[in-house]
Structures are given as C-alpha cells and as structure tokens.
Amino acid sequence: MSQEILVHQEAGQLLIAILEDERLVQIFAGSGEAPLRGSIYKGKVTNLVSSLEAAFVDLGLGKNAFLFIKDVAGWRPGKRIGQLLKRGQEVLVQVKREPAGEKGARVTMRLSLPGRSLVLLPGRNQIGVSQRIRPNRERERLRALAAEIKPSGAGLIVRTAASGCTREDMVQDLAGLQQLYERVQEQAGQAAVPALIYRESDLLERVIRDYLDGTTTIQVNTMGLRQRTASIVERLAPVLAEGVELSPGDLFGRRDVWRQWHQAVQRKVWLECGGYLVIDQTEALTAIDVNTGRNTGGRGLAETALETNIEAAREIPRQLRLREIGGLVVVDFVGTVNPAERQKVLQVLGAELVRDRARTRLWGMTPSGLVEITRQQIAGFPRPVYQQICPSCDGRGRVTSPLALALTVRSELAAQAGQAEEPAFLVRVHPRMVPALLGHDGRALADLEVKIGKQVVLHGVAGFELERVEILPLTNTREPLPILPQDVIPVSIKARDKRHPEDGVAVVGKAKLAVVGAGEMEGKVIPVRIAELGRGRGRAEMLARE
C-alpha cells in the first residue's frame, strides 16, 4: 500500500490530504495555529466537587478546566478527590479535550509527550506497543527495544511509525523527548500560576509526525510550504527530507481530491458494483445501510449480496476515517444466511479497520446482517467543515458550508478561465458566500483574479439558496448590476464620511454609498449589505454587524 501526504494552501487555509493507493482516506484543515489539546499548563485548583469526584482548575483560559479523579497523579481505587488535591494547590496538567460550548477544557495530570516513534509517559512505569504494527514478531521486537531503553520513572508507548526502526532511531527520539520534559519541568518551576508551559505542534508538524513512514511521499503546492515541510521532515526523519516535492497550483484538483472529497461525504455513497451506502449520523450512533441498488447483474441473489457486502466492507472504514466518525456504528449489511459468507465479509471489514489509527472494535454479524463497530474519536486534528446545519430547515438536513462551496467555486473559475474569451466573470451567490469568496480584506479574491487572469465581480443575491451558484462571463464590467436591498456586495471604503466620521464612503456604479460604522475601514475591501440604493446615493451596513 502506498501512502501520500498532499499539503495544499489557498486563501489562508491549510488543507492536508492523506491518500492510500490514490484514494482519499483522511483530510485535515487549519489556519496553521497550534491546538489547545496536548498543551501543558501550570494551573491552580479552584474547587473540589466530591459528588463528581473531580476538581476545577484555573488555567487562565476564562473557563476553568475539569480534572476527573482518575486523571489525578497518584490515584488508586478507593481514593477520594479530597485526599489527592486541595483547594489552591498548584498542578501541572495537560489538555485532553478542547473547550466546547459552555464546557471548559478537560485536563489530566498524567502527561504524555509524543515523538515520531515513541510517546514518553513521565511518572508511569509501563510499555505499550501500537496494535497497528504487524506482524506480531515486529511488535515483540519493538517491545523488547522499548524495555531496554525505558528510563527510570517513566513509561513508553511505541507508535505505529516505529515499525522498522532501529535501536539507534528510538534512542535518538527518546533523548529529544527527555530534553523536552526537562524544559517543561524547568519552566513549570519558574512560571507564576496560571501559565502556558508547553504548546502542542501545529497541524502540519503533527500530521507529518503521526503519518510519515518510510513509504510515504509528500507533495506541497507552494515554495514556502516546501521549505517548512522539508525542515520538519529533516528533524523527524532526515533520510526522507529529499522526498518533499513541489507541485505548484491546484494540487488537490490535479490529484482528484476535490471530487473525491465531495463524493465521499454525501449521505448516499455509491459503490463501484452499483450498490450504495446510506450514512446517517445521530447524537447516539451512526447508522450505515448497505443496499444492492443497481447491482443486479443477472446472477443469483446470494452472489449479488456477497459482492455488494464485500465492497461495502472495504468502503465503510474509509468513510469512518474521512468523516471522523466516533462512538457506536451500526452497519446493516445485505442479509445472508450463509455463515461462511458472513465470516468472509467480517474478515474484509476487519482487515480494512486495521489501517485506521483510531482504536476500533468489531463485533460479529447477525443472520439479518447487522454489525456493530466501536471507534475511538481522534481529537486534536481539525477537519474541514464540508457540511453545516442548514439555516433554512433548522437542523433537519445539511447543506454545503460556505468554505467548501467557495473552494469549489474557485476551482470552477480556474477551469473556465482558460476557455472564456471575456475579460471578467460575474459570480452570483447567496449573500453568506460573499465573505468566504472575498477573504480577509479582499485578499482571497485578489489572489484568485491574479491566478486566473480575469476580473471577478461578486454579487450576493438575497433570494438565492445557499448552494446556488451562477458563474457568467462578463464583456463589460462598467455596466451597472441590478443590485437590490438586502443584496451583499464587496466594496472598497474610499474615505470617512465628512458629516458622520464614524461611517465610511464607497462608490457603487455612479452612486455614493454611506457604509454605517465603516469609518475605521478606510482603504479596505469589505462585504456590505445594501439597505438603500438610489440614483446618486445609497446606504449599506457592514456584514459583521449582523
């Protein structure tokens, strides 16, 4: 199996795709900032809640973090939270789960510091080996090496990337982790509470650290990314540093990532044999229904069912990874009464689940075709939000998010630019799409115009549905558009309004537009919602005021 890491940067967004045998299996997104999860803080215990056997810790993040008793150093069965911690006590904790909604972060005093091949567990005396390492003799070899080099007073976990590593490789990785822990201890001893002691690596470094192995190739679409990626690989695996390839432009388009991503996250997923999956996610579980669909083939029902089930068994683990589905998954395969056929489907499903970095557990199949899978949710890797709750149906369905739709529109414009003779395009979209296409201060739109060599005129039409997009060639950009109240357009703030300095002034066609509250935005391109627009004057509001 070949594995590739594709790193694509566009409009300030970093997207990283993992391909196995040319097929997209995982995709991550981020702005480049490091996550909170995995970071280490020096905090102070503010409250003990005996009914929950937990403590709340002030990390300086606004909301106190939650520390459960089993995450307290020194916990043993029978111990109570009041015996282990005192109010006002200073503690060194690591974030296990990011804050969400009204909940603060969840933290642990059991620190873990990940490297490329090892994870250092200060204060613990254990050795673990990734279950994904095969065959068993390789797992035992690595376990023996870890036992040889394990430092006193600390444990080690051998990561999947350690497969094939020598003793020298592991010793070098461990030395770096021990130096890191010494720096953490030193800074913790000097810092005043509350304080950030150690911040986890950013998205690019974490993906490379966790996914790079001896057979992985890496492609990036900008020279800056190539230099940074090569620097990370040089530090983690010097022998692979020369393998970072520069592939400028629309890397995801050339490698079919956009299409695979779009197709793979629909509710209905078609299989090559003509069958299909229907995937429905609820708060309690994920249900996957396998259907034979167009897979009739003129053969017996049993053979058609087996073919569909086996192809579904190969696709379902990929879907779990792409969508980052965790918890309980119930799969309704096409029913079969033949025990040998049920076992064959389970073998294929189990073999594909082994590729997953997350811990999975597979239960047997009932005669009616039901299978239960439990999957660990891997936190800390942000996913691109391809879908969001539909504002029209109040959560009963899904629509494509503005970010994902904007990426699709940019790709379509690039494809049409080489075929159109007109000097410009008019892009008519839902008003919420305008900020996503415009980007911060209009930079994303400006970069796009340079890339395709044509002017792009954005028009957010109030009556459009969110996923409706119209791309029309323009022969004359000076011709005024039929702009109506509640439409959204990008404008350049020319100056402050002399009579109302808190407002800004823009020009739309031949009309002078007063933009409420935009006095500080002089020289910037911003999206505005039209309130009034006459022959000579008009009024608009900044979109941020909504």
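Everything discussed here concerns the structure shown above.
Residues numbered from 1 in each chain as written. Predicted model: local features only at pLDDT ≥ 70, side-chain atom pairs only at ≥ 80, totals over all residues. Heavy atoms only, no water.

Colleague: I'd like a description of the overall build of the chain, backed by residues and values.
Modeller: If you tally the helices and strands in the chain, you get 12 helices and 32 strands. Across its three principal directions, the C-alpha atoms of the chain cover 80 × 75 × 50 Å. Burial status across the chain gives 48% buried among its 546 residues. Contacts in the chain between residues at least 24 apart in sequence constitute 63% of all its contacts with a sequence separation of at least 6. Accessible surface for the chain amounts to roughly 27,100 Å². Of this, 49% is attributable to carbon and sulfur atoms. Here the chain contributes 75 positively and 64 negatively charged side chains, and the mean placements of these two sets differ by 5 Å. (Helix = DSSP H or I, 4+ residues; strand = E, 2+ residues; numbered from the N terminus. Buried < 20%, exposed > 50% of the residue type's maximum accessible area, 1.4 Å probe, protein only. Contact = heavy atoms within 4.5 Å. Areas by Shrake-Rupley, 256 points an atom, 1.4 Å probe, with all protein chains shown as cover. Lys, Arg positive; Asp, Glu negative; His and termini not counted. Charge placed at Lys NZ, Arg CZ, Asp CG, Glu CD.)

Colleague: Go over a positive patch on the surface with me, naming the residues and quoting the values.
Modeller: Taken together, Lys 498, Arg 499, Lys 512 and Arg 537 make up a surface patch of like positive charges. Mapped onto the elements, Arg 537 comes out in strand S32 (residues 537-542). (Patch = residues over 30% accessible without salt bridge, like charges linked within 9 Å, V, L, I, M, F, W, Y side chains within 5 Å. Salt bridge = Lys/Arg side-chain N within 4 Å of Asp/Glu carboxyl O.)

Colleague: If you had to explain the sheet that holds strand S12 (residues 154-158) to someone new, which residues and values would you point to?
Modeller: Hydrogen bonding along the main chain pairs the strands of a sheet, whether they run parallel or antiparallel. Pairing is mixed in the open sheet, where four strands are placed in the order S9-S10-S12-S11. On the outer flanks of this sheet lie strand S9 (113-114) and strand S11 (127-129), each paired with one strand and no other. Bridge count for S11 against S12 is three bridges, and the pairing is parallel. Each residue of the ladder has a partner; that of Gly 128, found in S12, is Ile 157. Lying over the sheet, helix H2 (residues 136-149) contacts strand S10 (118-122), S11 and S12, oriented at roughly 155° with respect to S11. (Pairing = 2+ DSSP bridges. Axes fitted to C-alpha atoms, helices over the stretch in contact; angles between N-to-C directions.)

Colleague: Just give me the short version of the packing of aromatic side chains, but keep the residues and values in it.
Modeller: Here the structure, examined in full by the defined rule, presents five aromatic pairs. Ring centres of Phe 56 and Phe 66 lie 5.6 Å apart, and the angle between their planes is 70°; this geometry places the pair in the edge-to-face category. With Phe 56 in strand S5 (residues 54-58) and Phe 66 in strand S6 (residues 65-68), this pair connects stretches of sequence that are 10 residues apart. Among the residues examined, Phe 56 registers a relative accessible area of 26% and is labelled partly exposed. Taking the relative accessible area as the measure of exposure, Phe 66 reaches 23% and is therefore partly exposed. With centroids separated by 5.0 Å and ring planes inclined at 55°, the aromatic side chains of Trp 270 and Tyr 276 adopt a geometry described as tilted. Its relative accessible area of 18% is what places Tyr 276 among the buried residues. Cluster of aromatic residues (ring-pair linked, three or more members): Phe 252, Trp 258 and Trp 261. Positioned over the ring face of Phe 464 is Arg 468, at 3.8 Å from the centre of the ring. (Phe/Tyr/Trp six-rings, centres within 6.5 Å; stacked < 30°, edge-to-face > 60°. Lys NZ or Arg CZ within 6 Å of the ring centre and 35° of its normal.)

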